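# What the coordinates show
Each chain, letter by letter, is given below.
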Amino acid sequence: MTAPTTATDVRRRVTVRGTVQGVGFRPYVHRLAAGLGLTGFVGNTADGVVIEVEGTASGVERFCGLLVGEPPPLATVTAVAVEDLPATGADPGFTIRATEHAAAGRTLLPADTATCADCLRELTDPADRRHRHPFINCTHCGPRFTIANAMPYDRGATTMSGFPLCAHCAREYDAPADRRFHAQPVACPDCGPRLRLVPAADSGVRAARDGDALSRARELLAAGRIVAVKGVGGYHLACDAGNARAVETLRTRKARGDKPFAVMCADLAEAERIAVVGAAERAALTGPRRPIVLLRPRDGARPAPGVCPGSPHLGVMLPYTPLHTLLFGLPGDPPGPRVLVMTSGNRSGEPIVTDDDEALTRLFGLADAWLAHDRPIASPCDDSLLRVRADGTEQVLRRSRGYVPTPLRLPVPVRPALAVGGDLKNALCVGEGELAWFGPHIGDMGDLATLEAAVRVERHLHRLTGVRPELVAADRHPGYHASAWARRRAARLPLDRPVFVQHHHAHVAAAMAEAGLDGSTPVIGVAFDGTGYGDDGTVWGGEVLVADYTGYRRLAHLAPAPLPGGDAGVANPCRTALARLWAAGLPWDPDLPSVAACSPDELALLARQLPSQVGCVATSSMGRLFDAVSSLAGVCHRAGYEAQAAVELEAQACLAWDEDTAAHPFGDRFDPAPALRAVIADLRRGTPVPVIAARFHRGVARTVLGLCRGVRRDTGLATVALTGGVFANALLEQAAADLLRDDGFTVLRHREVPPNDGGLALGQLMVAARGRRPDDGRRTAVSDETE
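Cut-off values and rules
Residues numbered from 1 in each chain as written. Predicted model: local features only at pLDDT ≥ 70, side-chain atom pairs only at ≥ 80, totals over all residues. Heavy atoms only, no water. 1 Å grid on protein atoms, 1.4 Å probe; cavity = no way out; pocket = protein on both sides within 12 Å on 5 of 7 lines; lining within 4 Å. Points joined across faces, edges and corners; volume = space filled by probe spheres on them. Nonpolar A, V, L, I, M, F, W, Y, C, P; charged D, E, K, R; others polar. Pairing = 2+ DSSP bridges. Helix = DSSP H or I, 4+ residues; strand = E, 2+ residues; numbered from the N terminus. Axes fitted to C-alpha atoms, helices over the stretch in contact; angles between N-to-C directions. Salt bridge = Lys/Arg side-chain N within 4 Å of Asp/Glu carboxyl O. Buried < 20%, exposed > 50% of the residue type's maximum accessible area, 1.4 Å probe, protein only. pLDDT = per-residue confidence, 0-100. Contact = heavy atoms within 4.5 Å. Phe/Tyr/Trp six-rings, centres within 6.5 Å; stacked < 30°, edge-to-face > 60°. Lys NZ or Arg CZ within 6 Å of the ring centre and 35° of its normal. Expected span 1.5 Å × (residues − 1). Core = buried A, V, L, I, M, F, W, Y, C linked by side-chain atoms within 4.5 Å. Parallel < 35°, antiparallel > 145°, perpendicular 65-115°, else oblique.

## Focus: empty space enclosed by the protein
Under the counting rule described, the total for this entry stands at 6 cavities of 30 Å³ or more. Empty space within the largest cavity amounts to approximately 180 Å³. What lines the largest cavity is a set of 21 residues, among which Pro143, Val232, Thr321, Pro322 and Arg375 lie closest to the centre. Residues belonging to the lining of the largest cavity are distributed by class as follows: 11 nonpolar, 6 polar and 4 charged. Lining the second largest cavity are 16 residues; nearest its centre among them are Gly22, Val23, Gly24, Arg26 and His182. For the lining of the second largest cavity, the class distribution of residues is 7 nonpolar, 7 polar and 2 charged.

The structure is reproduced here in structure tokens:
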């Protein structure tokens, strides 16, 4: 029976755009409209949420006023359009309509979100029917991105489509007053995904299902075994972080070298026991995104030494799924580890494993058992990583779970484009109009499995965002796997060649875009990293540019030195140190740690190789200079993972940062030779290594200030972007930013976009999709390898 209309009734269509699907927005609208006695409907479309509401003029007006005032916790409203319609009286009440799949447009999907407090209470309540249910969720929490196959977001378009709702869950799903009203991943032990424990063939472990699978997995972890645990975005490899033998076994099996592991603590109290947790760190740890947060470990309370050897930080996260909570155990369960190593389920250099059958093969020999479940993963999504600065702001170092696919609002509109990033820390980015979407962290593009993962991520981004690229942007490096893939991808697009963007220009453009700069005024870009292909064919990485989105000028750079053996030189900081000494005209005295670390054969080879430049490439990389000083000071001579020498040098500097304020000087034209001589002089005076490390860091920071002063004097520019992977170094970034601000500069620092190559794609997107202006003497993006 329809409601009769009156002469005073009005009807309005309201279209709401933003993150309004998968967050309980339609149930919220239903409750609001029904509470005001209004009729009509709400439904998902590809453009967002559409509402038609009818009733008294005052009621409809009040509804429109309240609509965006108190939306659900995970909702973000970006635009509201209102259209007056004639009243019809045709609606019997207010209803939720089926999704309009044929509609055109775009809406925003929320990221995966940690288990909410209400679901945790039910999980631990023996009287609740979802007690110990490993997949408990509601409209306020749970997986979204990693289960969504397409948009609009409805259960049929997710990996939950294969789990029909039981009668009880169906009643909750259809009840407007219920917290699970139209919650797409909703399920219970009767109708939801199921757990299983799959033992390795020679492990002596018995298979199990459901609650027994969890109990047995806890027993294995307590016994020092390694368990592959399927999460929302892929598998983790887990072991007891307090068991030194278990940690070393995992490190050996995974061929991890000395690269630090992240740990998951059972609760905040456990995290505070092993690490220093301030208010901002606590907020990051306990917020809905639940990233890994870099913390300062407490002396005498840190996990086993093998967890984070040589690092100044300990990566800590808290449980973000009900499965994690149950893995640590509920009250009354047998005791088990309270801190677990929780590292990506892969072999070093490969993408995270998501497929169950693939996990059994790719993780064979790494795990003693697999704790799996039968809910498919639509897209891999590794854990995000961040650190908190002294001022309480966050710097994301890996943007993935909890952040993806939340879009970034661009300061200027861009053409539909795909940017493929670089070969290290790869993350794709698509953009159109004023929005850009990063894909999840993929990793290093060194093998076929990673390239295949990138292809799958791009397809998933297309399905969720609707962006149809007109062009592809890539790094200028001719040998990058990502750039080769970009060539193949671009061949199917209107612009059939990629737009190649210089590496450090992309870093600066990413910092500008994140800061909301429209590019009308250039900035001083200080881009410090390990490797970036330069216009002259050498390896850049210690760059001072003046740049906007359309081009750049290289105004200063670190004095170059040979990099012997390319990647082999990177893996051997002692060789990089000798190359730096040679370039500075300093002798290889036997008492220098880096000289002593090289074998006689290495010394003989380098003595021939450096003067002849055979097998060498010139580099201005600041990352390589940090490696060289780390070896010269006796900290790290052989690197088992990227930036190990620099990370360990920073760890030493932290020990003396507040004790000594001296700085090693650099020479004219950004020459590090005086700093190298100062390091050697300190060594021979018996200066402690932490003091040497701190002085070097301060010297680099003061040199940044001097260089930027020179550019300001010549150009009048006073905005500086600090970007590139070297600025993941907390001491250097803070010191440089403080000096620059005190001198009157505006300083741009990364927050949600990583400073390292994980943020590179955003800069590529901005440079390529903004087009180019007539040549004004600056370098620009190019559409093939030749200028």
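Next comes the rest of the description.
## Let's talk about the sheet that holds strand β18 (residues 408-419)
One open sheet holds the 4 strands; their spatial order is β19-β18-β20-β21, and the pairing between them is mixed. Taken across any chain shown, the strands that pair with only one partner, and hence form the sheet edges, are β19 (429-438) and β21 (499-501). Strand after strand, the sheet turns through a mean of 60° between neighbouring axes, direction not considered. By the bridge criterion, 3 bridges tie β18 to strand β20 (residues 471-475) in an arrangement that is parallel. Its bridge partner being in β20, Leu418 is matched across the sheet by Val472.

## Focus on the pattern of salt bridges
Two side chains of opposite charge can pair, provided their charged atoms sit close to one another. Taken as a whole and assessed by the stated rule, the structure comprises 49 salt bridges. Put simply, Glu270 and Arg273 hold a salt bridge, and the shortest N to O gap is 2.7 Å. With Glu270 and Arg273 both in helix α7 (residues 268-274) and 3 residues apart, this pair spans about one turn of that helix. A relative accessible area of 12% places Glu270 in the buried class. The partner of Asp383 in a salt bridge is Arg401, and the shortest N-O contact between them spans 3.0 Å.

## What about the confidence of the model for the chain?
Across the chain, pLDDT averages 93, with 96% of residues at or above 70. Predicted confidence is poor over residues 772-777, with pLDDT under 50, and the contacts of this stretch with residues over four places away or in other chains come to 6 contacts.

## Digging into the packing of aromatic side chains
Under the definition given, this model contains 6 aromatic pairs. Aromatic pair Phe528 and Phe670: ring centres 6.1 Å apart, planes at 40°, arrangement tilted. Of this pair, Phe528 sits in strand β22 (residues 523-533) while Phe670 sits in the loop between α19 (644-656) and α20 (673-685), and the two are 142 residues apart along the sequence. A ring pair is formed by Phe528 and Phe727, whose centres lie 5.4 Å apart and whose planes are at 15°; its orientation type is stacked. Linking Phe528 in strand β22 with Phe727 in the loop between β27 (719-723) and α22 (730-742), this pair joins segments that are 199 residues apart in sequence. Like Phe727, Phe528 is buried. Through a chain of ring-to-ring contacts, three or more aromatic side chains come together here, namely Phe528, Phe626, Phe666, Phe670, Phe696 and Phe727. When the ring centre of Tyr320 is taken as reference, the NZ or CZ atom of Arg401 above it lies at 3.4 Å. The positively charged end of Arg712 is found above the aromatic ring belonging to Phe745, 4.0 Å away from the centroid.

## Focus: helix α21 (residues 689-715)
Compared with the 39 Å implied by 1.5 Å per residue over 27 residues, the 39 Å span of α21 between its first and last C-alpha is a close match. Most of α21 sits out of view: 19 of its 27 residues are buried. Positive backbone phi, at 85°, marks Gly716, one or two positions downstream of α21.

## Comments concerning the layout of surface pockets
By rolling a water-sized probe across the atoms, one finds the places where empty space is left. In this structure, the second largest pocket encloses a volume near 900 Å³. Taken together, 32 residues make up the lining of the second largest pocket; nearest its centre are Arg296, Pro312, His313, Cys654 and Leu731. Counting only elements with at least two residues in the lining of the second largest pocket, the list comes to β12 (292-297), β16 (385-388), α19 and α22. Taken together, the residues of the lining of the second largest pocket sort by class into 17 nonpolar, 5 polar and 10 charged.

## Section: the pairing of β16
Where burial is concerned, the two faces of β16 agree: the one with Leu385 and Arg387 and the one with Leu386 and Val388 are both buried. In this structure, β12 lies alongside β16, joined through 3 bridges in parallel fashion. Counterpart to Val293 in the pairing with β16 is Leu386. In the sheet, β16 pairs with strand β17 (residues 394-398) via 4 bridges, with the strands oriented antiparallel. Residue pairing across strands places Arg387 opposite Gln395, the latter belonging to β17. Adjacent in sequence and paired antiparallel, β16 and β17 are bridged by 5 residues, among which Gly392 carries a positive phi angle near 90°.

## Some points on the pairing of strand β10 (residues 262-265)
The alternating pattern of β10 places Ala262 and Met264 and Val263 and Cys265 on opposite faces, both of which are buried. Bridge count between β10 and strand β14 (residues 339-344): 3 bridges; the pairing is antiparallel. Note on β14: the bridge partner recorded for Met264 is Leu340.

## Re the nonpolar core
Judged by nonpolar contacts, the single largest core of 58 residues is most densely connected at Phe528, Met622, Phe626, Leu722 and Leu740. The residues touching Leu740, leaving out its near neighbours within four places in the chain, are Val704, Leu705, Cys708, Val720, Leu722, Phe745 and Val747. By size, the runner-up hydrophobic cluster in this structure holds 40 residues, among which are Ala284, Leu366, Ala372 and Leu386.

## Topic: the packing of helix α13 (residues 503-514) against helix α23 (residues 760-769)
A packed helix pair is summarised by two numbers, namely the angle formed by the two axes and the spacing between the axes. Across the interface, α13 lies against α23 with an axial gap of 7 Å and an inter-helix angle of 90°. In this view, α13 runs roughly perpendicular relative to α23, as classed from their interaxial angle. Residues His503, His505, Ala506, His507, Ala509, Ala510 and Ala513 of α13 form the contact with α23, whose participating residues are Leu760, Leu762, Gly763, Gln764, Met766 and Val767.

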